[in-house]
Protein chains: 2
Amino acid sequence: MEAVTSPQQESYGSISRGCQWLKALPNKCCDKTMEIARKTKKLGQDDPRRIVHSLKVGLAITLVSLFYFFEPLYDGFGDSAMWAVLTVVLVFEFSVGATLGKGLNRMLATLVAAGLGAGAHCLASISGRKGEPILVATFVFIIAVITTFMRFFPRVKARYDYGMMIFILTFCLVSVSGYRDDQVLEMARDRFSTILIGCCASLIVCICIFPVWIGEDLHKSVAANIGKLGKFLEAFGDEYFKVSEESNENNKSYLQGYRTVLTSKSSEETMANFARWEPGHGPFGYRHPWKMYLKVGNLTRDCAYKVEALNTYLNCKIQTQAEIRGKIQEPCKRVSLECSRALKEMASAFRKMILNRSAAMHIENSKKAAEELKSLLKTSLWEEADLLEIIPSASVASLLMEIIECIEKISEAVNKLGEAASFRKSNATVLPELSDSIQQETVQQDSNTAMPAPVPHCVIIMSE
Amino acid sequence: MEAVTSPQQESYGSISRGCQWLKALPNKCCDKTMEIARKTKKLGQDDPRRIVHSLKVGLAITLVSLFYFFEPLYDGFGDSAMWAVLTVVLVFEFSVGATLGKGLNRMLATLVAAGLGAGAHCLASISGRKGEPILVATFVFIIAVITTFMRFFPRVKARYDYGMMIFILTFCLVSVSGYRDDQVLEMARDRFSTILIGCCASLIVCICIFPVWIGEDLHKSVAANIGKLGKFLEAFGDEYFKVSEESNENNKSYLQGYRTVLTSKSSEETMANFARWEPGHGPFGYRHPWKMYLKVGNLTRDCAYKVEALNTYLNCKIQTQAEIRGKIQEPCKRVSLECSRALKEMASAFRKMILNRSAAMHIENSKKAAEELKSLLKTSLWEEADLLEIIPSASVASLLMEIIECIEKISEAVNKLGEAASFRKSNATVLPELSDSIQQETVQQDSNTAMPAPVPHCVIIMSE
């Protein structure tokens, strides 16, 4: 039975709720602030380069703003000097490649559009007072339509999208504003020089203070993705063959690392597009084969799809009985482990830009184990068992064999890339355990020094 | 034996090569032009909205440029009027959602930054001639650093990245240029009003002339992806069970349609981000559950990974003998076909925003077929055969069973989305063959009319 409340009681209730809400407000604000602080800390810890980048942007903008205060420079450009500040804000990106790409796009587009705009203005001004706006409007319309359509071409979109936008912008700016005063050429010149100053300031700060080379990021990311598959396969054997005994869902997170590989395509493509703008630096020479990274990335993803299929068998409802699984356990584990070693070694050598053929040895080993597995499957060890129960284990075995093929393809692509990018030659086997620690050291060095250490020549001579 | 060439002969050779190159030049240019023309035509044919968009951009820019020519308006804003043209170029995007998102970001960021910038300028001007540049520079540095770092927050990056950039830009513009003349507030006001004019012009043209709703694109793309998996499964049964007889690689392209689903994640996320800016339109109401589309998309991709695994068995080297395959052919084909029907019906109903439960019927049918398949696998029909040869077929059978589970999950998510977005109710079975033709008609209608036809109310009442 519901209690009947009088209007006074109701209003009293709503007031008390309001009071409670007001009392809770400071706590809520405090919690929210703490949460934001925690997130900020995490963002900074995850990638300290973010903090450095923010400081760099602040520095570049402040420098160019101060330049605005110097009387002699300001008198030269007048109000156009503001374009320099604007350019820094618009062009300064996280990586050198992106900044350079945007800067070059902006400069080139401004130069061409300023010239064309001035030409259009001169042409229009001949046609007299009445014809001028009509002619200018026609030019603007045609240029805007053509340029906007050009932005749909995939190649143009990937590399020159920003330039196309700046082209329309500057063309309008010069040809339309030219109608107001006759100093069109002067304006075009001012706009170009201030943009040049802004771009140069951005590039100098971006390259000279802790530069972020997106090409290096792409290189590390492709290597890391190969390594992630290796990590999964390393753990898979143990996990699968003890799954019925202790099926603890909690500490399986290390098995999920490969999932980011499945959706890495677009980020890799973006990185490769930016990387192509970067000049040669450290071990990455001029015309480094960035496109081949995409091929290695695609093959890694194909392998990741198979790993995804393998992963479903870890949580499969119908499981092969442990005794039957035990029969194929040894060769399966060996295939998985050798594949894992091949991948991890490939990743480690690739990361360090070494042409390491020892992965091929592990692939050979895994093939041998796969042959054993095949002959085991052929024998009639299975006859007494139920086929439905055998299927999961049999599928795992067949997937592992397919993964060997995938790894072989990745290895080929990595070797081709290594030859094209003239990686160092080395025949030594790099133990994954050892290489991991070396790797970590290298990362630390990379993030501490402004430029990645160039490859010492003596090593090349010694190993060749 | 090599012929010895004299220097004269060599120079003659290089001249003749040069002549040949010059002669071939017009042809080459002609070929290149033809290729570009062909590509342009294809781009336009693939999506005619691209041509419309280009014309719309041209129109909007020309309109705002003409506005610049009107003396009374120009006298009100002076040179700031140019910001209106700039805004149109920068803000006008392909879809309404993107244009609205950029426009609102730009307006809001300009308003806040103009206010803050004017405040910073006033504060700095109190501190005298010498302190002013130092104070302004400090403000600019702090604002730039904080705002740049905020752009790394994933949520901010997804929705307010452009706004953050414009915030720094306007703040610098107002606070720094304020140093030069004391009309800071006037400048802030002018900048905001011209940007408002530019945004409004862009939005009016974008929404009123053949609008492209990105939400609708997302809706169609998610539906199409589900349909692509259905198409693969429809063809898979026939293809797999006749593979050894006539293995023609050429006409298998229709089996590859699902591959775009594998890498659709990032484009779906971008579309969902833009769609959230769009106002209610046609059947997509205010607060349409765009986030739930991402969930359906993720489940579709999970299913696509399984389909990818299935696809490898079409080109597998080791194939089960035709006789043995024949034993499971009938139920396998039935599972595949029923799955395909469920997916195609789901896609078709989803696209038309109908809550259609008939997919559940096909899922039930496929489950029944799967049970038959299981009991077939349990029987000892296989005992005489080699396990290694059985594995591919057995794996196919097991994958098909897993796909049923995936489809059930997709169906659940689609139904939840349908309820949240209040789709129409219908219990009628939509035949995929019929629905395809309806679908094509709907697309044509959609692209012909400016607005998608609103859902007729009588239908809702009748079907409920």
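The rules behind the values
- Residues numbered from 1 in each chain as written.
- Chains lettered and ligands numbered in written order.
- Predicted model: local features only at pLDDT ≥ 70, side-chain atom pairs only at ≥ 80, totals over all residues.
- Heavy atoms only, no water.
- UniProt positions renumbered as here; feature names shortened; annotations may be inferred.
- Helix = DSSP H or I, 4+ residues; strand = E, 2+ residues; numbered from the N terminus.
- Buried < 20%, exposed > 50% of the residue type's maximum accessible area, 1.4 Å probe, protein only.
- Contact = heavy atoms within 4.5 Å.
- Areas by Shrake-Rupley, 256 points an atom, 1.4 Å probe, with all protein chains shown as cover.
- Axes fitted to C-alpha atoms, helices over the stretch in contact; angles between N-to-C directions.
- Left-handed = near helix turned anticlockwise from the far one by under 90°.
- Nonpolar A, V, L, I, M, F, W, Y, C, P; charged D, E, K, R; others polar.
- Salt bridge = Lys/Arg side-chain N within 4 Å of Asp/Glu carboxyl O.
- Patch = residues over 30% accessible without salt bridge, like charges linked within 9 Å, V, L, I, M, F, W, Y side chains within 5 Å.
- Phe/Tyr/Trp six-rings, centres within 6.5 Å; stacked < 30°, edge-to-face > 60°.
- Lys NZ or Arg CZ within 6 Å of the ring centre and 35° of its normal.
- Least-squares fit on C-alpha atoms with pLDDT ≥ 70 in both.
- Buried area = accessible area lost by both parts, 1.4 Å probe.
- Polar contact = N/O pair within 3.5 Å; in protein donor to acceptor, adjacent residues only side chain to side chain.
- pLDDT = per-residue confidence, 0-100.
- Domains from an automatic or database assignment.
- Expected span 1.5 Å × (residues − 1).
- Lys, Arg positive; Asp, Glu negative; His and termini not counted.
- Charge placed at Lys NZ, Arg CZ, Asp CG, Glu CD.
- Parallel < 35°, antiparallel > 145°, perpendicular 65-115°, else oblique.
- Disulfide = S-S within 2.5 Å.

By the naming in an unreviewed UniProt entry, chain A goes by Aluminum-activated malate transporter 2-like and is assigned to Hibiscus sabdariffa. Checking UniProt for chain A, the heading Sequence similarities (unreviewed entry) contains the comment "Belongs to the aromatic acid exporter (TC 2.A.85) family." Among the UniProt annotations of chain A, the heading Subcellular location (unreviewed entry) holds the following wording: "Membrane".

A tally of helices and strands in chain A yields 17 helices and 2 strands. Among the 464 residues that make up chain A, the fraction classed as buried is 50%. Considering only residue pairs separated by 6 or more positions, chain A has 84% of its internal contacts joining residues 24 or more positions apart. About 22600 Å² of surface is accessible on chain A, with carbon and sulfur atoms providing 61% of the total.

The subject of this paragraph is the packing of helix H9 (residues 214-241) of chain B against helix H11 (residues 265-275) of chain B. All names here are of chain B. Where H9 meets H11, the axes come as close as 8 Å, and the angle between the chain directions of the two elements is 145°. Where H9 crosses over H11, the two elements pack in a sense that is left-handed. Between H9 and H11, the residues in contact are Ile214, Gly215, Asp217, Leu218, Ser221, Val222 and Asn225 and Glu268, Met271, Ala272, Phe274 and Ala275, respectively. Of the residues that constitute the contact of H9 with H11, the class distribution is 7 nonpolar, 3 polar and 2 charged.

The next thing to look at is the pattern of salt bridges. Applying the stated criterion to the full structure yields 44 salt bridges over all chains. Residue glutamate 372 of chain A pairs with arginine 334 of chain A through a salt bridge whose shortest N-O separation is 2.8 Å. Taken together, the positions of glutamate 372 of chain A in helix H14 (residues 358-378) and arginine 334 of chain A in helix H13 (residues 322-351) put the pair 38 residues apart, joining distant regions of the chain. Under the relative-accessibility criterion, arginine 334 of chain A is labelled partly exposed at 28%. The shortest N-O distance in the salt bridge between glutamate 408 of chain B and lysine 367 of chain B comes to 2.6 Å. With glutamate 408 of chain B in helix H15 (residues 387-420) and lysine 367 of chain B in helix H14 (residues 358-378), this residue pair connects regions lying 41 residues apart in the sequence. For glutamate 408 of chain B, a relative accessible area of 28% translates into the label partly exposed. Through salt bridges with shared partners, a single ionic network connects Asp47, Arg49 and Asp217 of chain A.

Right, let's talk about the UniProt feature "transmembrane region" (unreviewed entry) in chain A for a bit. With numbering matched to this structure, UniProt assigns "transmembrane region" (unreviewed entry) to residues 51-70, 82-101, 134-153, 160-180 and 192-214 of chain A. With 80% helix and 0% strand, the stretch residues 82-101 of chain A has end C-alpha atoms that lie 22 Å from each other.

Turning our attention to a nonpolar patch on the surface. A cluster of nonpolar residues, Leu108, Leu111, Val112 and Leu116 of chain A, forms a patch on the protein surface that exposes about 370 Å² of accessible area. Its relative accessible area of 59% is what places leucine 108 of chain A among the exposed residues.

Taken as a whole and assessed by the stated rule, the structure comprises 25 aromatic pairs over all chains. A centroid spacing of 6.3 Å and a plane angle of 90° characterise the contact between phenylalanine 149 of chain A and phenylalanine 153 of chain A, whose relative ring orientation is edge-to-face. A connected cluster of aromatic rings, assembled from ring pairs, spans Phe232, Phe236, Tyr240, Phe241 and Tyr258 of chain A. Lying across the ring of tryptophan 83 of chain B, arginine 191 of chain B places its NZ or CZ 4.3 Å from the centre.

Of the two same-sequence chains, chain A is brought onto chain B (RMSD 0.1 Å, axial shift 0.0 Å) by a rotation of 180°. Viewed as a symmetry operation, the transformation between the two copies matches a two-fold axis. A high fraction, 100%, of the interface residues of chain A reappear at the interface in chain B, so the copies pair face to face through one surface.

This brings us to the interface of chain A and chain B. The interface of chain A with chain B comprises 78 residues on the first partner and 78 residues on the second. Of the roughly 7100 Å² buried between chain A and chain B, counting both surfaces, carbon and sulfur atoms make up 75%. Our count for the contact surface shared by chain A and chain B stands at 2 salt bridges. Across the pair aspartate 302 of chain A and arginine 259 of chain B runs a salt bridge whose closest N-O atoms are separated by 3.4 Å. Across the contact surface, chain A and chain B share 8 residue pairs in polar contact (both at pLDDT 80 or more). Here the element with the most residues in the side of chain A that touches chain B is helix H2 (residues 49-69) of chain A; it accounts for 14 residues. Within the side of chain A that touches chain B, the residues separate by chemical class into 47 nonpolar, 14 polar and 17 charged.

Our focus in this paragraph is the confidence of the model for chain A. Residues and elements named next belong to chain A. Mean pLDDT for chain A: 82, with 82% of residues reaching 70 or above. Helix H11 (residues 265-275) holds the highest mean pLDDT among the elements of chain A, 94, whereas helix H17 (residues 457-463) holds the lowest, 28. Every residue in residues 429-464 scores below 50 in pLDDT, and together they form 33 contacts with partners more than four places removed in sequence or on other chains. With pTM at 0.83, the complex prediction returns an ipTM value of 0.82.

With that settled, consider the domain arrangement of chain A. In terms of domain boundaries, chain A breaks down into domain 1 (8-42), domain 2 (51-208) and domain 3 (214-425). Inter-centroid distance (C-alpha atoms) of domain 1 of chain A to domain 3 of chain A is 50 Å.

For helix H8 (residues 184-208) of chain B, which comprises 25 residues, the first-to-last C-alpha distance of 36 Å matches the rise-based estimate of 36 Å (1.5 Å per residue) to within 8%. Downstream of H8 of chain B by one or two residues, phenylalanine 210 of chain B has phi in the positive range, about 35°.

Attention now moves to a positive patch on the surface. A cluster of basic residues, Lys32 of chain A together with Arg155, Arg276 and Lys291 of chain B, forms a positive patch at the surface. Turning to its location among the elements, arginine 155 of chain B is positioned in helix H7 (residues 154-177). The exposure class of arginine 155 of chain B is exposed, given its relative accessible area of 69%.

Take the environment of methionine 164 of chain B next. All names here are of chain B. Mapped onto the elements of the fold, methionine 164 is located in helix H7. The exposure class assigned to methionine 164 is buried, which follows from its relative accessible area of 15%. Residues methionine 164 and aspartate 190, spaced 26 residues apart in sequence, show a C-alpha to C-alpha distance of 20 Å. Residue contacts for methionine 164: discarding those within four places in its chain leaves Thr147, Met150, Arg151 and Val156.

Moving on, we come to the packing of H7 of chain B against H8 of chain B. Two quantities define a packed helix pair, namely the angle between the helix axes and the distance between the axes. Residues and elements named next belong to chain B. Relative orientation of the contacting elements H7 and H8 amounts to 150°, with a least axis distance of 9 Å. By the angle class used here, H7 and H8 are roughly antiparallel. Viewed along their axes, H7 and H8 form a crossing whose handedness is right-handed. In this structure, H7 contributes Ile166, Leu169, Thr170, Leu173, Val174 and Ser177 to the contact, and H8 contributes Val184, Met187, Ala188 and Arg191.

All names here are of chain A. Structurally, the position occupied by serine 175 is in helix H7 (residues 154-177). Judged by relative accessible area, serine 175 falls into the buried class, the value being 2%. Within polar-contact distance, the side chain of serine 175 engages the backbone oxygen of phenylalanine 171 at 2.8 Å.

This paragraph deals with unusual backbone geometry. At phenylalanine 210 of chain A, a position not held by glycine, the phi torsion is positive, near 35°. You can see phenylalanine 210 of chain A is positioned in the loop between helix H8 (184-208) and helix H9 (214-241). Assessed through its relative accessible area of 42%, phenylalanine 210 of chain A is described here as partly exposed. A positive phi angle, close to 60°, is found at methionine 353 of chain B, a residue other than glycine. Its location among the elements puts methionine 353 of chain B in the loop between helix H13 (322-351) and strand E1 (354-356). Of the residues examined, methionine 353 of chain B reaches a relative accessible area of 9% and is grouped as buried.

Residues and elements named next belong to chain A. Scanning all chains against the criterion turns up 0 disulfides over all chains. With no disulfide of its own, cysteine 29 has cysteine 30 as its nearest cysteine by sulfur position, at a separation of 8.5 Å. For cysteine 29, a relative accessible area of 43% puts it in the partly exposed group.

All names here are of chain A. Tracing the chain through its elements places proline 211 in the loop between H8 and H9. By relative accessible area, which is 11% here, proline 211 ends up buried. Counting along the chain gives 158 residues from proline 211 to histidine 53, while the straight-line C-alpha distance between them is 8.9 Å.

All names here are of chain B. Relative to the assigned elements, leucine 376 resides in helix H14. Exposure remark for leucine 376: the relative accessible area of 21% places this residue in the partly exposed category. Spatially, the C-alpha atom of leucine 376 lies 8.2 Å from that of lysine 327, the residues being 49 residues apart in sequence.

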